Amino acid sequence: MTKIDIISGFLGAGKTTLIKKLLAEAYQGEKLVLIENEFGEISIDGGFLKESGVQISEMSSGCICCSLVGDFNKALKDVAAQFHPDRILIEPSGVGKLSDVIVAVENTAAEAPGLTLNSFVTVADASKVKVYMKNFGEFYNNQIESAGTIVLSRTQKLSREKLEAAVTLLREKNPDAAILTTPWDELDGKTILSAIEKVSLADELLAKMRAEHEAEEAEHAHHHDHEGHGEHEHHHGESEAHEHHHGHGEHGAHEHPHGHECDDPDCSCHHHHHHADEVFTSWGRETPKAFTKAGVEQILSALDSGEYGSILRAKGIVNGEDGTWIEFDFVPEEHEVRAGRPDYTGRLCVIGAELKEDKLARLFGL
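Residues numbered from 1 in each chain as written. Predicted model: local features only at pLDDT ≥ 70, side-chain atom pairs only at ≥ 80, totals over all residues. Heavy atoms only, no water.

1. Focus on unusual backbone geometry
No. 1: Within the chain, His84 stands out as a residue other than glycine whose phi angle is a positive 45°.
No. 2: Judged by its relative accessible area of 60%, His84 falls in the exposed class. (Buried < 20%, exposed > 50% of the residue type's maximum accessible area, 1.4 Å probe, protein only.)

And the structure:
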């Protein structure tokens, strides 16, 4: 299977710099082909790419977006057939519509079973978001609206207020994309790649909860097999008490969909009918907003109040006001706040039942 990644952006946004960083830090060991076009842009230095083992396929027609139907489709298939790469990076012209390139790749992938569209990224200069939206209208906005991930460049030049204002403008055009706001020099290429490939905190948390649930099921089965029925029931009761301390029912399977706790060990709800992501909902946000450690402590304490729904888990990594990063984890009546490593932007996630999303947004000041 060959993954196809599209890295778009206006002239001068920093696409070349981003591609170089990903090649050096995120794609090592992959057989990779770069398809770029020469639409008035300085091409990536050929010598650098040959050293990385990257083949350049320059398209005779110039701009990818000018020849979407014929040449592009053929070039993509030819590259896949000739090189059998793990990944194809497409760097479209800075003036084309990203949505057109996405459609062209999807059409080609539909005809070539070994190809799959993996990601579509827009690199945007954080200091020019407002002026480009005004001056370039539809072309610029299409790149923003169509992106799965928006990678902001030159964020270190902006104040926190101006950065938040730029993110707000981008969010109006694209509510779903991951928006990378941390200066690139603070991040490893693999962290940037995880943002591009969209591993959400909610998915991470739910996967962890499922794994814990499965381990607990296996533990119950183990005791049942080895200790006889009476012992098993005693163990089960202990487990429920332990579960209550850490947020009873956090794995979904220990709670009826209607919300009441079930203490009948033979009830079918103890089996695999209700998984965490069916019974519970998640609320999450990405933000460059800065927090204090004390402020995060207060927020997590407030989650125990019951005012925000039945909160079972919360996790986040956010900017600290002094340039550091703050990481936190929450289970009912317990939380931990510690120094963290830079992430692509501040992000947080809350999982529970009957979440009061508006109140949660106000609590976190978002």
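So much for the structure itself; the text now carries on.
2. Observations regarding the environment of Asp100
No. 1: In this structure, Asp100 sits in helix 4 (residues 98-111).
No. 2: A relative accessible area of 32% means that Asp100 is categorised as partly exposed.
No. 3: Separated by 42 residues in the primary sequence, Asp100 and Asn142 have C-alpha atoms spaced 9.5 Å apart. (Helix = DSSP H or I, 4+ residues; strand = E, 2+ residues; numbered from the N terminus.)

3. As for the layout of surface pockets
No. 1: In this structure, the largest pocket occupies an estimated 650 Å³ of space.
No. 2: If you trace the largest pocket, you find 27 residues lining it, with Arg171, Pro175, Gly284, Arg285 and Glu286 closest to the centre.
No. 3: Its residues assigned to classes, the lining of the largest pocket shows 13 nonpolar, five polar and nine charged.
No. 4: For the second largest pocket, the calculated volume is near 290 Å³.
No. 5: Residue lining of the second largest pocket: 13 residues in total, with Ile317, Arg341, Pro342, Asp343 and Arg347 positioned closest to the centre.
No. 6: Among the elements of the structure, helix 7 (189-196), helix 8 (201-245) and strand 10 (310-320) are those that each provide at least two residues to the lining of the second largest pocket.
No. 7: At three residues, strand 10 tops the list of elements feeding residues into the lining of the second largest pocket.
No. 8: When grouped by side-chain class, the residues that make up the lining of the second largest pocket number four nonpolar, three polar and six charged. (1 Å grid on protein atoms, 1.4 Å probe; cavity = no way out; pocket = protein on both sides within 12 Å on 5 of 7 lines; lining within 4 Å. Points joined across faces, edges and corners; volume = space filled by probe spheres on them. Nonpolar A, V, L, I, M, F, W, Y, C, P; charged D, E, K, R; others polar.)

4. Points about the pairing of strand 4 (residues 87-91)
No. 1: Most of strand 4 sits inside the fold, with five of its five residues counted as buried.
No. 2: Here strand 4 shows a buried face lined by Arg87, Leu89 and Glu91 and a second buried face lined by Ile88 and Ile90.
No. 3: Sheet analysis places strand 1 (residues 2-9) next to strand 4, joined by four bridges and oriented parallel. Across the sheet, Lys3 pairs through a bridge with Arg87, a residue of strand 4.
No. 4: As defined by bridge partners, strand 2 (residues 32-36) adjoins strand 4 across five bridges and the pair is classed as parallel. Bridge pairing links Leu32 to Arg87 in strand 4. (Pairing = 2+ DSSP bridges.)

5. Overview of the nonpolar core
No. 1: Grouped together as the largest cluster of nonpolar side chains are 38 residues, with contacts concentrated most on Leu76, Ile88, Ile90, Val105, Ile150 and Leu152.
No. 2: Looking at which element gives the most residues to this core, the answer is helix 4, with six residues.
No. 3: Ile7, Val123, Val151 and Leu187 belong to the second largest nonpolar core, which has 23 residues in total. (Core = buried A, V, L, I, M, F, W, Y, C linked by side-chain atoms within 4.5 Å.)

6. With respect to the confidence of the model for the chain
No. 1: Confidence in the prediction of the chain, expressed as mean pLDDT, is 75, and 73% of residues score 70 or more.
No. 2: Counting interchain partners and residues more than four positions distant, the pLDDT-below-50 stretch residues 38-43 has 13 contacts.
No. 3: Confidence drops under pLDDT 50 across residues 60-70; counting only partners more than four residues distant or on other chains, this segment forms 23 contacts. (pLDDT = per-residue confidence, 0-100. Contact = heavy atoms within 4.5 Å.)

7. Quick word on the packing of aromatic side chains
No. 1: According to the stated counting rule, one finds seven aromatic pairs in the structure shown.
No. 2: When the ring of Phe10 is compared with that of Tyr140, the centres are 5.3 Å apart and the planes differ by 85°; the resulting orientation is edge-to-face. One end of the pair, Phe10, is in the loop between strand 1 and helix 1 (15-25); the other, Tyr140, is in helix 5 (residues 129-146), and 130 residues separate them in sequence. Tyr140 matches Phe10 in its accessibility class, with the two residues each being buried.
No. 3: Chaining the aromatic ring pairs together yields one cluster made of Phe10, Tyr132, Phe136 and Tyr140. (Phe/Tyr/Trp six-rings, centres within 6.5 Å; stacked < 30°, edge-to-face > 60°.)

8. Looking at the packing of helix 5 against helix 6 (residues 160-173)
No. 1: Helix 6 packs onto helix 5 with a crossing angle of 40° between their chain directions and a minimal axis gap of 11 Å. Overall, the two elements helix 5 and helix 6 adopt an arrangement that is oblique. Crossing of helix 5 over helix 6 shows right-handed handedness. On helix 6, the residues touching Val129, Lys130, Met133, Asn141, Ile144 and Glu145 of helix 5 are Ala166, Leu169, Leu170 and Lys173.
No. 2: Of the residues contributing to the contact of helix 5 with helix 6, the split by class is six nonpolar, one polar and three charged. (Axes fitted to C-alpha atoms, helices over the stretch in contact; angles between N-to-C directions. Parallel < 35°, antiparallel > 145°, perpendicular 65-115°, else oblique. Left-handed = near helix turned anticlockwise from the far one by under 90°.)

9. Structural notes on the side chain of Thr122
No. 1: Structurally, Thr122 is set in strand 5 (residues 115-125).
No. 2: The contacts of Thr122, once residues within four sequence positions are left out, are Ser8, Gly9, Leu98, Gln143, Ile144, Ala147, Thr149, Ile150 and Val151.

10. Notes on the pattern of salt bridges
No. 1: By the definition in use, this model includes 16 salt bridges.
No. 2: We note a salt bridge from Asp125 to Lys128, for which the minimum N-O separation is 3.3 Å.
No. 3: One connected set of salt bridges, linked through shared partners, spans Lys3, Asp5, Glu30, Arg87 and Glu197. (Salt bridge = Lys/Arg side-chain N within 4 Å of Asp/Glu carboxyl O.)

11. Notes on helix 6
No. 1: With 14 residues, helix 6 should reach 20 Å at 1.5 Å per residue; the first-to-last C-alpha distance of 20 Å fits that figure.
No. 2: The complete set of buried residues in helix 6 reads Leu163, Ala166, Val167 and Leu170. The buried residues of helix 6 all sit within an arc of 100° when viewed along its axis, so they share a single face. Opposite the buried face of helix 6, at more than 90 degrees from it, the exposed residues are Glu161 and Glu172.
No. 3: Buried-residue contacts for helix 6 involve helix 5, strand 6 (149-153) and strand 7 (178-180). (Expected span 1.5 Å × (residues − 1). Arc of directions from axis to C-beta.)

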